[in-house]
Amino acid sequence: MTPVEAMQAALAGEHAAVYVYGVVGGRVSVSTEPDLWSRVRTAYTLHRGRRDQLVSMLRTAEAEPVASEVSYDLPTPATSTEELTAAALLLEQRCSAVYADMVGSTSGANRQWALEALEDAAVRSLSFGAKPDAFPGIAEL
Amino acid sequence: MSARSALPRRARPTRRAVLAGTAAGLVAGLSGCTSEHDSARRGGRHRGGGPDVDPDVAVASEALAGQRAALDLVVATQDAHPALRRDLAPLVGTHEAHVKLLGEAVPPGLAGGATAVPSASASPAAASRRSSRAVPRDPAKALADLVASEQQLTDATKQHAFVAESGAFARLLGSMAAAAAQHVVVLGAVDPSRGGGRR
């Protein structure tokens, strides 16, 4: 995978994250689930920022950033608290995987950026119920 | 991206260390040019590797030393605070997996290599490391020491991932750093009052 391909894959992941967190955020009740609502809102803001950073990084690399899809399938019906939490967890695990790939496919500042993103996704997945993993983002281990 | 080889493709003439076990498939082979006297020539370009050692082998050697030190502290904390044993078990499992993988990446004979002195050896370095790792009797302080250890490991492992020449090896190290970062958060949720410790 070239550095640009890896960054495009990460951007595609962030487009999906922004979409799904937007949907999930709209379904979580701030009055009955203030803690989950807050975590989802924080995650949404963070992923949107990262999406914008990736767009900028790709333009710097003289590549045309991939556009988002019109919509994304949520991995579960995503209405109950458990389903919404599971959707967020799955997103963070997918983001961990694309950022681990990006670490391996880039160097210098872009690799450093991907390392921070991988760390954040791995830690954030804990807040959505993940168990600690010996190899976050690496499915084959 | 191929995840087959975590090591530089360029073949080195004198030695090829093949990674096995868990590493098989991901880390196909760590090739490094090492000589009979590598361990005697430590202190060259990299700690743990002489000037002829592949730079990624030196990185693996340093990362291995860090994982072993972190593992030693977790185990020592379990021994001093049996009530924390269960809470700390996942950390032991993760560090052991990392030590195993990295140990297979470091050629035998090189500092920290798989068949070099084991972690709990009588070597002066290991002994001084253990003695400097006294575990506080206060479980809250013991946990705080562990948090600091895992944070330090996170930062060091990210730096190793940053400098690794092989992309696949960098990916592996980045994942190990993320695992240590998870430990920092997990430890923060442990209730120290459950760890009575030895008084």
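Structure shown above.
All figures in this text were calculated on a predicted structure; none of them were measured in a lab.

What counts, and at which threshold
Starting from 1, residues in each chain are numbered consecutively following that chain's sequence as written. Chain labels run from A onward and ligand labels from 1 onward, assigned in the order the entries are written. Residues qualify for local features only when their pLDDT is at least 70, as the model is predicted, and side-chain atom pairs are given and counted only at 80 or more; totals for whole chains, interfaces and linings, by contrast, use all residues. Hydrogens and water are ignored here; the side-chain numbers use all heavy atoms of the structure. By the criteria applied, helices consist of DSSP H or I runs no shorter than four residues and strands consist of E runs no shorter than two, each listed in order from the N terminus. Note on exposure labels: buried denotes an accessible area under 20% of the residue type's maximum, exposed denotes more than 50%, and partly exposed covers the range between, all computed with a 1.4 Å probe on protein chains only. Any pair of residues with heavy atoms lying within 4.5 Å of one another is described as a contacting pair. The protein chains shown are the only cover counted for residues, whose accessible areas, like all others here, come from Shrake-Rupley with a 1.4 Å probe. When two parts are brought into contact, each loses some accessible area as probed by a 1.4 Å sphere; the total of that loss over both is the buried area. Salt bridges are identified by distance alone: a Lys or Arg side-chain nitrogen within 4 Å of an Asp or Glu carboxyl oxygen. The definition of a polar contact used here is a pair of N or O atoms within 3.5 Å, where within protein one atom must be able to donate a hydrogen and the other to accept one, and adjacent residues in sequence count solely through side-chain atom pairs.

A. Fine view of the overall build of chain A. Looking only at helices and strands, one finds four helices and zero strands in chain A. For chain A, the proportion of its 141 residues judged to be buried stands at 47%. A fraction of 77% describes how many contacts in chain A between residues 6 or more apart in sequence connect residues 24 or more apart. If you sum the accessible surface of chain A, you get close to 6,500 Å²; carbon and sulfur atoms cover 52% of it.

B. Region of the structure containing the interface of chain B and chain A. Of the residues lining the interface, 28 residues belong to chain B; the matching set on chain A comes to 27 residues. Both sides together, the interface formed by chain B and chain A hides about 2,300 Å², and carbon and sulfur atoms give 64% of it. Summed over the shared surface of chain B and chain A, the number is four salt bridges. Between B:Lys158 and A:Glu116 there is a salt bridge, with its nearest N and O atoms 3.1 Å apart. Applying the counting rule to chain B against chain A returns 11 residue pairs in polar contact (both at pLDDT 80 or more). Secondary structure elements with two or more residues in the side of chain B that touches chain A: helix 2 (85-105), helix 4 (139-163) and helix 5 (167-188) of chain B. Element by element, the count of residues in the side of chain B that touches chain A is highest for helix 5 of chain B, at 13 residues.

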